[in-house]
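# Understanding the architecture of this molecule
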Amino acid sequence: MRAVVFERHGDPARALFPTELPLPETPPGTVRVRLLGRPINPSDVMFIEGEYGRQARFVPVEGHGPVSPAGFEGAGYVDQAGPGVHLEPGSQVAVAVTGTWQEYVTAPLDAVIPLPHDLPLDTACQFTVNPFTAHLLLADLRLEEGDALLLTAGTSTVGQMLMCLAHRQGIRCICLARDRGQDARLKNLGVELTVSVEDDAVVDRVRGLAGASGVAAVLDAVGGQQGAWALKCLRDGGRHVVYGSMSGRPLPVPPRLPLFHSVSIGGFWLPQHMEKLSAQALRELTSTVTRQLADHTLPTPVEAHYDLADVHRALAHHARSNRSGKIVLTG
């Protein structure tokens, strides 16, 4: 089968290469899935670079040295079920495993989510990362109706989902954005106001827009200068939650903010939060996500599709700053 792999951590443009791998087997309790769509997420790139929360496991493959597959999520159909698994071949499923940038993957049953047969592939392949991230981030903040929430990377898919969910809860959303051309679309998603990061007075603008109650929380997927501006916008006792590092730069923290203003800085990593969910809570959240993706409550925009063989072109497109949706690997 075709696969996209890497032999060592590094720049994906240099480290990744296509190859042929043996078709995976299906031990008891597993399902082999024929994958048809895989979104490129920032976490995929960080994993290849060696900057993610877990390191790759390089396994020897005939004809190569040890390699690791790439990709954390995707969707397709059940090709074969292992002993003890009752999933009909041909059923549409989403998977959350390492190694989705290949044609087939074997996954344990708890990493496979059966989906409605009529859910579009572009939506199905985005099922396991961004929707759960958006829901759990907001739940962790425990904001109240009328609170102001500041987001970096608001035009990202998870940013758009966060805005939709926050708007439904009566939370006021302010977005830092590089591209003011997205204003109209962001307002349709529930953004109250957008502040350009090219503005010379970003912090003053945000504070003025937030009003007397101030910014209660920041959800930051960028870090660097954008993250620093967002951090300075918080009211006393506010929370700054880092859930990504799209700029690749550190978040500078002035000591006076936690020291004199009780501002807290923390992180959010989806796998850790998913592990904390009870079986019942996970079932309920999965059901909610399924419904919201089916009725388009949660947006899953896709800007372009590339075959697995064109992974380097796909990654270059993913790196563009003005994208309106995900880049999906097909094939």
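Look a little higher up for the structure.
The structure contained in this document is the topic of the report that follows. Here the residue numbering is sequential within each chain, running from 1 through the sequence in written order. Owing to the predicted nature of the model, reporting of local features is limited to residues with pLDDT of at least 70; listing and counting of side-chain atom pairs is limited to 80 or more, with chain, interface and lining totals taken over all residues. Hydrogens and waters are ignored; side-chain quantities use all the structure's heavy atoms.

Mapped onto the fold, Val85 is located in the loop between β6 (73-81) and β7 (92-96). Here the term buried applies to any residue with accessible area under 20% of the maximum for its type, exposed to any over 50%, and partly exposed to those in between, with areas from a 1.4 Å probe on protein chains only. With a relative accessible area of 8%, Val85 lands in the buried category. Working rule for contacts: check all heavy atoms of both residues, and any pair within 4.5 Å makes them a contact. If we ignore the near neighbours within four places in the chain, the residues touching Val85 are Gly29, Thr30, Val31 and Leu109. Segments assigned H or I by DSSP are reported as helices when at least four residues long, segments assigned E as strands when at least two residues long, and all are numbered from the N terminus.

It is worth spelling out the nonpolar core at this point. Generally speaking, soluble globular proteins have nonpolar side chains that are buried together. Put simply, buried Ala, Val, Leu, Ile, Met, Phe, Trp, Tyr and Cys residues joined by side-chain atoms within 4.5 Å make one nonpolar core. Ranked by size, the top nonpolar core spans 43 residues in total, and within it Phe127, Leu149, Leu162, Leu219 and Tyr243 carry the most contacts. Residue assignment for this core shows that the elements contributing at least two residues are α4 (130-141), β10 (148-151), α5 (157-168), β11 (172-177), β13 (215-220) and α11 (279-294). Sequence-distant contacts of Tyr243, defined by excluding residues within four places in its chain, comprise Thr133, Leu137, Thr152, Val158, Gly159, Leu162, Leu219, Asp220, Ala221 and Phe268. Within the second largest apolar cluster, 21 residues are counted, among which are Val45, Phe47, Ala304 and Ala314.

Our next topic: the pattern of salt bridges. Every case where a carboxyl oxygen of Asp or Glu lies within 4 Å of a side-chain nitrogen of Lys or Arg is listed as a salt bridge. Throughout the structure, instances matching the rule amount to seven salt bridges. We note a salt bridge from Glu103 to Arg2, for which the minimum N-O separation is 3.3 Å. Taken together, the positions of Glu103 in the loop between β7 and β8 (104-108) and Arg2 in strand β1 (residues 2-6) put the pair 101 residues apart, joining distant regions of the chain. We classify Glu103 as buried; its relative accessible area is 14%. Glu103 is the partner of Arg34 in a salt bridge, and the nearest nitrogen-oxygen pair spans 3.7 Å. Of this pair, Arg34 sits in strand β3 (residues 30-39) while Glu103 sits in the loop between β7 and β8, and the two are 69 residues apart along the sequence. Glu103 shares its class with Arg34; the two are buried.

Looking at the secondary structure, you find Thr152 in the loop between β10 and α5. Among the residues examined, Thr152 registers a relative accessible area of 0% and is labelled buried. Distance and chemistry together define a polar contact, namely a pair of N or O atoms within 3.5 Å, with one atom able to donate a hydrogen and the other to accept it when in protein, and with adjacent residues in sequence counting only for side-chain atoms on both sides. In terms of polar contacts, Thr152 uses its side chain to reach the side chain of Asp220, at 2.8 Å.

Counting buried positions along β7 gives four out of five residues, so the element sits mostly inside the fold. When β7 meets strand β9 (residues 112-114), the two strands line up antiparallel, connected through three bridges. Following the sheet pairing, Val93 is matched in β9 by Pro114. For two strands to pair, DSSP has to find at least two bridges joining them.

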